[in-house]
Amino acid sequence: KMAPLGVSGPQALDILGNAYLSLFFVTKQNPKISQQALNAYGQAEKVDKTASSNPDLHLNRATLLKYEEDFQGALEGFSHAAALDPAWEEPPLRERQLLDFLDRLTALVTSKGKVKAKKLQHLQSSLRPADLGPCGDGRYQTPKGEKIPLELQPLSALKPGMNAAVVVLGKVVFSLTTEERVPFTFGLLDSEGSCYAVMVYNMAESWGVLIGDSVAIPEPNMKQHHIQHKGKSFSFSSIRVETPLSLVVNKKVPGPNSQAVAVVAYKPQSE
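Every value quoted in this text rests on a predicted model; they were computed, and no experiment measured them.

S.K.: Please clarify how the side chain of R240 should be interpreted in this entry.
M.R.: Its location among the elements puts R240 in strand 10 (residues 232-241). With relative accessibility at 14%, the residue R240 sits in the buried group. Here Y67 takes part through its backbone oxygen, which lies 2.6 Å from a polar atom of the side chain of R240. Of note is the side chain of R240, whose polar atom sits 3.5 Å from the side chain of E69.

Encoded structure:
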């Protein structure tokens, strides 16, 4: 555990933030580490107002915000970094990549993977209680080790945040990968015809799901996105999954080899 004792100078805080950023990507994207990095960057700005003019700080913070799925904040951060150093190619590249991802994702969610109506009906009607696997017989074990029954609910019944003692079930209608490959994103269609994006972190490069696979997600963490940036707007709902081991795919929990530590390429500003 890192304890920033006596760290107060803006440069030290920026270095601390970068250390937490690196740690975040080698500790299964632990949200507590992410928050510590964001706090360090924020403190650096408070201690020295010139830190607000540091494009590195804005790029690094935007990178974290993207993995926190604060896409609005990430886009604004990449844009700010680009404005502070127009010659640096990395910030506008990251901004364009994220805009492209959101553009493609929103189109796929809205069109339900562009799957034809007849096939959509077949996928919806083919869902069975047995597809819940270990999530459907009272054997689900919470992260605290408690075994509890889960109530099957439609995607439309989910509330923002963690939905305790709930499970959702659907069929995969599309998948979407990015240059960084993390997260693995797919579309989940439930029996009512709702389609949500599912973003899976900490997966091995070889892991994925196929169109038509049944997927159950226990205690889903749902988020509603409403993003506006440079004349573009995106609205969709998503479920965040921290590891493939939390899913049930085709009635089974994926094996241990489905999980891996994610790595992100960090390219500091050239002098």
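S.K.: I would appreciate a short explanation of unusual backbone geometry in the present structure.
M.R.: Trans is the common state for peptide bonds, and a negative phi is the common state for residues other than glycine. The phi angle at K112 is positive, at roughly 55°, despite the residue not being glycine. Along the chain, the position of K112 falls in the loop between helix 5 (90-110) and helix 6 (117-125). One non-glycine residue with positive phi stands out, namely A165, at about 60°. With respect to the secondary-structure elements, A165 resides in the loop between strand 4 (161-162) and strand 5 (166-176). A relative accessible area of 31% places A165 in the partly exposed class.

S.K.: Could you clarify how one ought to interpret helix 3 (residues 55-67) in this entry?
M.R.: Every α-helix carries 3.6 residues per turn, so stepping three or four residues along brings you back to the same face. The end-to-end C-alpha separation of helix 3 is 19 Å, in line with the 18 Å expected for 13 residues at 1.5 Å each. The element helix 3 is largely enclosed, with a buried count of 13 among its 13 residues. Once helix 3 ends, the next one or two residues include E69, with phi positive near 65°.

S.K.: Explain the nonpolar core here, please?
M.R.: Nonpolar side chains tend toward joint burial in soluble globular proteins. L102, L105, F186, V215, I217, F236 and I239 are the most contacted members of the largest nonpolar core, which totals 53 residues. Here this core takes seven residues from helix 5, the largest share from any one element. For F236, the residues in contact, after removing those within four places along its chain, are F71, L102, L105, T106, V109, A197, M199, K223, Q224, H225 and I227. Among the nonpolar cores identified, the runner-up in size contains nine residues, and L127, L132, Y140 and L169 belong to it.

S.K.: Help me out: how do you make sense of the pattern of salt bridges in this one?
M.R.: Here the idea is simple: oppositely charged side chains can pair when their charged atoms come close. Here the structure, examined in full by the defined rule, presents five salt bridges. We note a salt bridge from E90 to R94, for which the minimum N-O separation is 2.8 Å. Of this pair, E90 and R94 both sit in helix 5, four residues apart, which is roughly one turn of that helix. Taken individually, E90 and R94 each receive the classification buried, so the pair is uniform in this respect. Residue K230 pairs with E95 through a salt bridge whose shortest N-O separation is 2.9 Å. Linking K230 in the loop between strand 9 (221-229) and strand 10 with E95 in helix 5, this pair joins segments that are 135 residues apart in sequence. Each of E69, R240 and E242 takes part in salt bridges that share partners, so that together they form one network.

S.K.: It is not clear to me how the packing of helix 3 against helix 5 should be interpreted in this structure. Could you clarify?
M.R.: When two helices pack together, their arrangement is given by the angle between the helix axes and by the axis-to-axis distance. Orientation of helix 3 relative to helix 5, taken along the N-to-C sense of each, is 20°, at an axis distance of 11 Å. By the angle class used here, helix 3 and helix 5 are roughly parallel. At the point where helix 3 passes helix 5, the crossing takes the left-handed sense. Residues L59, T63 and K66 of helix 3 form the contact with helix 5, whose own contacting residues are E90, P91, R94 and L98. The class makeup of the residues in the contact of helix 3 with helix 5 is three nonpolar, one polar and three charged.

Rules and cut-offs
- Residues numbered from 1 in each chain as written.
- Predicted model: local features only at pLDDT ≥ 70, side-chain atom pairs only at ≥ 80, totals over all residues.
- Heavy atoms only, no water.
- Helix = DSSP H or I, 4+ residues; strand = E, 2+ residues; numbered from the N terminus.
- Buried < 20%, exposed > 50% of the residue type's maximum accessible area, 1.4 Å probe, protein only.
- Polar contact = N/O pair within 3.5 Å; in protein donor to acceptor, adjacent residues only side chain to side chain.
- Expected span 1.5 Å × (residues − 1).
- Core = buried A, V, L, I, M, F, W, Y, C linked by side-chain atoms within 4.5 Å.
- Contact = heavy atoms within 4.5 Å.
- Salt bridge = Lys/Arg side-chain N within 4 Å of Asp/Glu carboxyl O.
- Axes fitted to C-alpha atoms, helices over the stretch in contact; angles between N-to-C directions.
- Parallel < 35°, antiparallel > 145°, perpendicular 65-115°, else oblique.
- Left-handed = near helix turned anticlockwise from the far one by under 90°.
- Nonpolar A, V, L, I, M, F, W, Y, C, P; charged D, E, K, R; others polar.

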